[in-house]
Amino acid sequence: MAIVAMKRLELYGLQRERKALLELLQRRGMVEIHSPQRKEPLFSQADTSQAQLEWEQNASLLEDAAALLDRYSPPKKGALSFLQGRPVISSQQYEAAAREVPARLSLARELLSLGKRITDGEAQLLRLQAQLESLSPWLRLDVPLGTQGTEHTRAFIGTFPQELDEAGLNNALARALPEVSGVEAEVLSQQPQQTCAFVLCHRSQASQVGDALRALGFSSPAAAGELPPAQQAEALKQELQREEQELRDVKGQLAAQAGTRESLLLAADSCGAKAESFRVLGELWQSPHTFYLTGYLPAGDAPQLLEELSQKFTLFAQAVEPSPEEDPPVKLKNGLFTEPMEGVVEGYSLPGKHEVDPSGVMAFFYYILFGMMLSDAAYGILTVIGSGVALRLFHNMEQGMRKTLRMFFFCGLSTTMWGVLFGSYFGDALPVIARTFFHTEITVPALWFEPLDDPMRLLIFSFGVGVAHLFTGLGVQFYQLARQKKYADAIYDVVFWYLLVGGLIVVLLSTEIFQNIAELPFTVPGPVAAVAGVLAGIGAVGVLFTAGRESRSPVKRFLKGLYGLYGVSSYLSDILSYSRLLALGLATSVISTVFNQLGAMLGGGVVGAIFFTVVFLIGHSMNMAINLLGAYVHTNRLQFVEFFGKFYEGGGRAYHPFAANTKHFQIKEEK
């Protein structure tokens, strides 16, 4: 477990070399530039926000164009494409792409204009279809919808808000107009809540007929035209066909540009890097002829970088130790076994000042706890094979995903070990298969014991693992305090708790009632229990008189000491939390057994074998998935709450060096 030592870079350079120097720093990706915010008498900062914004907008434009191509010509992706990571390119390819940015921007604008044409065209299609649909009730009408009549007649074309047939409409008009004759009404179409009709009368009777129609809810159509509805509909259909053909042509043009997707994304990465360089440029303090920057870089990289800078540029640069008041960024560095824990630690918080990297001490317990919760050898083997094959096949996998899969690889090894110790291979699948289909008894005995037969032993063992886990956390706290030369605090906050909690545990183990409940295979001798009780008393007195040592008032110190002593109850709850090792381990085994018994319900034979296979595959897939998730969540919970609660606060700031932080490609520097 290690936190990479950081040095502070102080660099003064010439203004004319600024651009080339920043490009080198960005390619190397070693320095987190952290300019001071104080006012400098001889230097000033340039406002580069507008240039930064322009390059960010360019990157967004290129990404939008690539997304447009994805929409109309989706790239082929396999089920495991998320494991492939970003494509790898050389630095020469990246630099060539930077030179092509203007051409790629021009192409992106053309593609987006085509996309706008598609959007507008699709909206036009919807409008035309709506117009065509609105004409469908009037297709029987052989005059334009806006027809008002002739010299001697008055025509009313419109709708009623209810369903009427022709007889019903004529009867309604006859009742409303008893003194008017010669009114002709024709129903053109009818629906449950609408009737389209054509009514014709003599022009001298138009006023009376109009009043009667309005009384029946008659309304004129919103749209009209110079052509009859059937001819309008035909014209709309032809326009629809033309619009659809044009849209197909435009989409074809977009699909033909699918091969430019990668070049657009590569240009977007280049624009993003440009925006980042302008952000950094705006933070530099500059004079007409010089500039200076400060930042942090790993101590191991400092000599090589300083040598390269001094060879290529005229400057003054040095890497110095950060002052005690500074808060340098945190970068973790671990080995193959412990590196997967870095993601878990970062998910909580990076180590704060004066804290150690908990990844190493955490890894051992993490794998052990995960394996105990899943605790099936077959599930463990499948986890090892799945994660191992993925790690082997996908070489460009993102580092975060690689760490996660490596974590599951080690968790799978631990699960396999615990499954062998507990005798679980898909639960009791082997005995069930042998008994159901081969009428024989085959068992694989547990190397240690079967939890379903002796759950109390597993519970006590889980508590023992919890005590070891918590005491290890206290040990890390002792180390952190001793490293800061706070030896008294180490005794007060760690040693006294070791004495108190450890002594109480030994006293508890010596009691007859606990020995009967737990069925311990050993007994604690009376003298040992007596010594443990004395040590617990010393620890309690120590906690009582030191927990409130920050207060000057004796009364407050005593009251805080009592409250601190009450903290022993939190240790009890923490230890009880490890009963989840028993609960999840039994859940995996019990659910596996249930599915095995369910699959064997139809007995042997072909039908029984098919039924068993289906139930076995579905049931164990679900059980493995659910309990993998449960083991992951509860293992993290035991680390974050119980273990970290004893020594870890976090609050560290992540190390973010000035680099070409590409989103779509990985740049491989040639050596």
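Structure's up top.
Reading the values: rules and limits
Residues numbered from 1 in each chain as written. Predicted model: local features only at pLDDT ≥ 70, side-chain atom pairs only at ≥ 80, totals over all residues. Heavy atoms only, no water. Core = buried A, V, L, I, M, F, W, Y, C linked by side-chain atoms within 4.5 Å. Buried < 20%, exposed > 50% of the residue type's maximum accessible area, 1.4 Å probe, protein only. Helix = DSSP H or I, 4+ residues; strand = E, 2+ residues; numbered from the N terminus. Contact = heavy atoms within 4.5 Å. Pairing = 2+ DSSP bridges. Axes fitted to C-alpha atoms, helices over the stretch in contact; angles between N-to-C directions. 1 Å grid on protein atoms, 1.4 Å probe; cavity = no way out; pocket = protein on both sides within 12 Å on 5 of 7 lines; lining within 4 Å. Points joined across faces, edges and corners; volume = space filled by probe spheres on them. Nonpolar A, V, L, I, M, F, W, Y, C, P; charged D, E, K, R; others polar. Patch = residues over 30% accessible without salt bridge, like charges linked within 9 Å, V, L, I, M, F, W, Y side chains within 5 Å. Areas by Shrake-Rupley, 256 points an atom, 1.4 Å probe, with all protein chains shown as cover. Salt bridge = Lys/Arg side-chain N within 4 Å of Asp/Glu carboxyl O. Lys, Arg positive; Asp, Glu negative; His and termini not counted. Charge placed at Lys NZ, Arg CZ, Asp CG, Glu CD. Parallel < 35°, antiparallel > 145°, perpendicular 65-115°, else oblique. Phe/Tyr/Trp six-rings, centres within 6.5 Å; stacked < 30°, edge-to-face > 60°. Lys NZ or Arg CZ within 6 Å of the ring centre and 35° of its normal. Arc of directions from axis to C-beta. Left-handed = near helix turned anticlockwise from the far one by under 90°.

## Things to note about the nonpolar core
Here is step 1: Judged by nonpolar contacts, the single largest core of 61 residues is most densely connected at Met362, Tyr366, Tyr367, Met407 and Leu581.
Here is step 2: With eleven residues, the top contributor of residues to this core is helix H11 (residues 359-374).
Here is step 3: Every residue in contact with Met362, bar those within four places of it in the chain, is listed here: Met341, Val344, Val345, Gln639, Phe643 and Phe644.
Here is step 4: In this structure, Leu61, Ala66, Leu107 and Leu264 belong to the second largest nonpolar core, which totals 43 residues.

## What about the sheet that holds strand E5 (residues 184-191)?
Here is step 1: Here three strands make up an open sheet; going across it, the order is E4-E6-E5 and the pairing antiparallel. For this open sheet the edge positions go to strand E4 (153-160) and E5, each flanked by a neighbour on one side alone. Sheet twist, expressed as the average angle between the axes of neighbouring strands with direction ignored, equals 10°.
Here is step 2: For E5 and strand E6 (residues 194-202), the ladder comprises seven bridges, and the chain directions are antiparallel. From the neighbouring strand, Ala185 faces E6, where its bridge partner is Val199.
Here is step 3: Along the sheet, helix H5 (residues 166-176) makes contact with E4, E5 and E6, crossing E5 at roughly 130°.

## Overview of the layout of surface pockets
Here is step 1: Approximately 1,800 Å³ is the volume found for the largest pocket.
Here is step 2: Lining the largest pocket are 50 residues, with Gln26, Gly29, Ala659, Ala660 and Asn661 sitting closest to its centre.
Here is step 3: Put simply, the parts of the chain that give the lining of the largest pocket at least two residues each are helix H1 (18-28), helix H3 (91-99), helix H8 (261-283), helix H10 (341-348), helix H13 (399-422) and strand E10 (666-668).
Here is step 4: It is H1 that provides the largest number of residues to the lining of the largest pocket, a total of seven residues.
Here is step 5: Here the residues of the lining of the largest pocket sort into 18 nonpolar, twelve polar and 20 charged.

## Description of a nonpolar patch on the surface
Here is step 1: A surface patch of nonpolar side chains, about 700 Å² in accessible area, is lined by Val606, Ile610, Val614, Leu617, Ile618, Met622 and Ile626.
Here is step 2: Among the structural elements, Ile618 can be located in helix H22 (residues 605-643).

## Observations concerning the environment of Leu421
Here is step 1: Of note, Leu421 is situated in helix H13.
Here is step 2: Residues Leu421 and Pro451, 30 residues apart in the sequence, show an inter-C-alpha distance of 9.9 Å.
Here is step 3: If near-sequence neighbours (up to four positions away) are discounted, Leu421 is found in contact with Ala446, Leu447, Trp448 and Phe449.

## Notes on a negative patch on the surface
Here is step 1: Residues Glu163, Asp165, Glu166 and Glu184 make up a contiguous surface patch of negative charge.
Here is step 2: Note that Glu166 resides in helix H5.

## A look at the side chain of Ser592
Here is step 1: Checked against the element boundaries, Ser592 lands in helix H21 (residues 580-599).
Here is step 2: Residues contacting Ser592, with those up to four places away along its chain left out, are Tyr379, Phe426, Gly427, His620 and Asn623.

## Topic: the packing of helix H12 (residues 377-393) against H22
Here is step 1: Axis separation between H12 and H22 bottoms out at 11 Å; the angle between their running directions is 75°. Between H12 and H22, the interaxial angle falls into the category roughly perpendicular. Only His620, Asn623, Met624 and Leu628 of H22 make contact with H12, whose side of the interface consists of Tyr379, Leu382 and Thr383.
Here is step 2: By residue class, the composition of the contact of H12 with H22 is four nonpolar, three polar and no charged.

## Considerations on the packing of aromatic side chains
Here is step 1: Under the defined criterion, the tally for this structure stands at 35 aromatic pairs.
Here is step 2: Judged by centre distance (6.4 Å) and plane angle (40°), the ring pair of Phe365 and Phe643 falls under tilted. Linking Phe365 in helix H11 with Phe643 in helix H22, this pair joins segments that are 278 residues apart in sequence. With respect to class, Phe365 is no different from Phe643; both count as buried.
Here is step 3: Between Tyr367 and Phe410, the ring centres sit 5.4 Å apart and the planes meet at 40°, which makes this aromatic pair tilted. Taken together, the positions of Tyr367 in helix H11 and Phe410 in helix H13 put the pair 43 residues apart, joining distant regions of the chain. Here the two residues Tyr367 and Phe410 agree in accessibility, since each one is buried.
Here is step 4: Clustering of aromatic rings is evident, with ring pairs tying together Tyr348, Phe364, Phe365, Phe640, Phe643, Phe644, Phe647 and Tyr648.
Here is step 5: When the ring centre of Tyr571 is taken as reference, the NZ or CZ atom of Lys646 above it lies at 4.9 Å.

## A few points about the pattern of salt bridges
Here is step 1: Across all of its chains, the model carries 26 salt bridges by this definition.
Here is step 2: Of the charged contacts, one joins Glu10 and Arg8 as a salt bridge, the two residues approaching to 2.5 Å between their closest N and O atoms. There is no split in this pair, since Glu10 and Arg8 are both buried.
Here is step 3: Residue Glu32 is joined to Arg653 by a salt bridge in which the shortest nitrogen-to-oxygen separation is 2.4 Å. In this pair, Glu32 sits in strand E2 (residues 32-33) while Arg653 sits in the loop between H22 and E10, placing the two residues 621 residues apart along the sequence.
Here is step 4: When its relative accessible area of 6% is taken as the criterion, Glu32 is described as buried.
Here is step 5: Using a relative accessible area of 28% as the deciding quantity, one classes Arg653 as partly exposed.
Here is step 6: Salt bridges linked by common partners bring Arg8, Glu10 and Glu326 together as one network.

## So, the pairing of E4
Here is step 1: Burial of E4 is extensive: seven of the eight residues sit out of reach of the surface.
Here is step 2: Pairing of E4 with E6, which is carried by eight bridges, proceeds in the antiparallel orientation. Directly across from Phe156, in E6, lies its bridge partner Val199.

## Observations concerning H3
Here is step 1: Among the residues of H3, those classed as buried are Ser91, Tyr94 and Ala97. Along the axis of H3, the buried positions cluster into a sector of 120°, meaning they face one direction only.
Here is step 2: Elements in contact with the buried residues of H3: strand E3 (88-90), helix H4 (101-135), H8 and E10.

## What about the side chain of Ser270?
Here is step 1: Tracing the sequence through the fold places Ser270 in helix H8.
Here is step 2: Discounting chain neighbours no more than four positions away, the residues touching Ser270 are Tyr94, Ala98 and Val101.

## Digging into the packing of helix H16 (residues 487-510) against helix H18 (residues 526-546)
Here is step 1: Close contact between H16 and H18 brings their axes to 7 Å; oriented N to C, the two are set at 145°. Taken as a pair, H16 and H18 cross one another with a handedness that is left-handed. Across the interface between the two elements, Tyr492, Phe496, Trp497, Leu499, Leu500, Gly503, Leu504, Val506, Val507 and Ser510 from H16 touch Val528, Ala529, Ala532, Gly533, Leu535, Ala536, Ile538, Gly539, Ala540, Gly542, Val543 and Thr546 from H18.
Here is step 2: Considered class by class, the residues forming the contact of H16 with H18 number 16 nonpolar, six polar and no charged.

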